[in-house]
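# Report on the structure
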Amino acid sequence: MSPMPRRIGLAAVAVAVPAALVFTGVGVGQASDHLPSSADVHRHSAHKAAAASDLDDPAKKEIAMKLVSSAENSSLDWRAQFQYIEDIGDGRGYTAGIIGFCSGTGDMLELVEYYTQQKPGNVLAKYLPALRDVDGTDSHDGLDPNFTEDWKKAAADKVFQDAQEHERDRVYFDPAVNQGKDDGLGALGQFIYYDAIVMHGPGDSEYSFGGIRKTALSKAKPPAQGGDETTYLNAFLDARKEAMKSEEAHSDTSRVDTEQRKFLDEKNFDLTPPLRWAVYGEPFEINS
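None of the values given here were measured: they were computed from a predicted structure. (Residues numbered from 1 in each chain as written. Predicted model: local features only at pLDDT ≥ 70, side-chain atom pairs only at ≥ 80, totals over all residues. Heavy atoms only, no water.)

### Considerations on helix H6 (residues 158-182)
Compared with an ideal rise of 1.5 Å per residue, which puts 25 residues at 36 Å, H6 spans 33 Å between its outermost C-alpha atoms and is within 8% of the ideal. The largest bend along H6 reaches roughly 50° and is located at Asp169. Where H6 starts, the residue carrying a side-chain oxygen 3.0 Å from the main-chain nitrogen of Val159 turns out to be Asp157. The first or second residue beyond H6 is Gly184, which carries a positive phi of 80°. (Helix = DSSP H or I, 4+ residues; strand = E, 2+ residues; numbered from the N terminus. Expected span 1.5 Å × (residues − 1). Bend = angle between axes of the 7 residues up to and from the residue. Polar contact = N/O pair within 3.5 Å; in protein donor to acceptor, adjacent residues only side chain to side chain.)

### Describing the pairing of strand S4 (residues 275-279)
Most of S4 is tucked away: four of the five residues are buried. Of the strand pairs in this sheet, S4 and strand S5 (residues 282-286) are connected by five bridges, and their pairing is antiparallel. Residue pairing for S5: Trp277 is matched across the bridge by Phe284. What sits between S4 and S5 in their antiparallel hairpin is a turn of two residues, with Tyr280 showing a positive phi close to 55°. (Buried < 20%, exposed > 50% of the residue type's maximum accessible area, 1.4 Å probe, protein only. Pairing = 2+ DSSP bridges.)

### With respect to helix H9 (residues 229-245)
End to end, H9 covers 24 Å across 17 residues, agreeing with the expected 24 Å (1.5 Å per residue, within 8%). Where H9 begins, the side chain of Asp228 points an oxygen toward the backbone nitrogen of Thr230, at a separation of 3.2 Å.

### Quick look at the packing of aromatic side chains
For the structure on display, the rule yields 13 aromatic pairs. A centroid spacing of 4.9 Å and a plane angle of 75° characterise the contact between Tyr127 and Phe147, whose relative ring orientation is edge-to-face. Of this pair, Tyr127 sits in the loop between helix H3 (107-118) and helix H4 (128-134) while Phe147 sits in helix H5 (residues 147-154), and the two are 20 residues apart along the sequence. The class of Phe147 is buried, set by a relative accessible area of 0%. (Phe/Tyr/Trp six-rings, centres within 6.5 Å; stacked < 30°, edge-to-face > 60°.)

### Brief notes about the environment of Thr272
Counting through the fold element by element, Thr272 comes out in the loop between helix H10 (254-265) and S4. With 14 residues separating them along the chain, Thr272 and Ile286 place their C-alpha atoms 9.5 Å apart.

### A short note on unusual backbone geometry
Note the cis peptide between Asp144 and Pro145, where omega equals 10°. Note that Pro145 resides in the loop between H4 and H5. That bond from Pro273 to Pro274 is cis: its omega, 5°, falls within 30 degrees of zero. Inspection of the secondary structure puts Pro274 in the loop between H10 and S4. Here Ser74, not a glycine, exhibits a phi torsion of approximately 55°, which is positive. Position of Ser74 relative to the elements: it lies in the loop between helix H2 (58-73) and strand S1 (85-86). You can call Ser74 partly exposed: its relative accessible area is 24%. Phi is positive for Leu271, close to 50°, though the residue is something other than glycine. For Leu271, the position within the fold is in the loop between H10 and S4. By relative accessible area, which is 0% here, Leu271 ends up buried.

Right under this line is the structure:
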């Protein structure tokens, strides 16, 4: 699991808008006592019919990767992050790669295991025993002093780059997009799910992705259940914000307030460029 504010992590604390996004919206979390009006249903159906694609469309997926990288790395160049690695002091050990794989949360271990299946004898394979030992802790035992340099060496290997993308999709992207589709959400809603599962991890605990979704469902119905998309996504973002605020490392909610909530307020359910947003007070844009 990758806590979002990782890449700019501790430095972000001193920035105007930290790395987690704040959600501000009127009526957020308010569930309707009745089914949406026929006009609401028509509007939702119209926007779904007009949707260019879901988030797993290659162009939309590229946008999603850039949005996450803007929050985690202060950069739209997500491919430059294959070699990223540091301990940001969040209790998860080393955080690394394009999605913030962590030595303390198991996903880095699974990544290196998969990489070693694809390329036995790679430069990181020798760290597998240590990664198993430190799983669930913030320890560097068996990893220091050379793990970070060896990670950067591996990052130049296309096989390792492909392994990072494979594990990103398997653990985070595909489950989030599939759940978003099941809930009747467009590309924006699917991205909101993806960003949440990246930071909070899969699972059903209160502040995991499953727990956040459960809280949102207690407040509003998703479109697949006849609910209004805006109302539901606002409820989800409210629940996400509470999860972020529960942990100091994620207490900046700008990725919600000035990115995701902004797109939602603009009714850009399909994440259609041009997109303009800010995280940590830093502006970004995608024009095509």
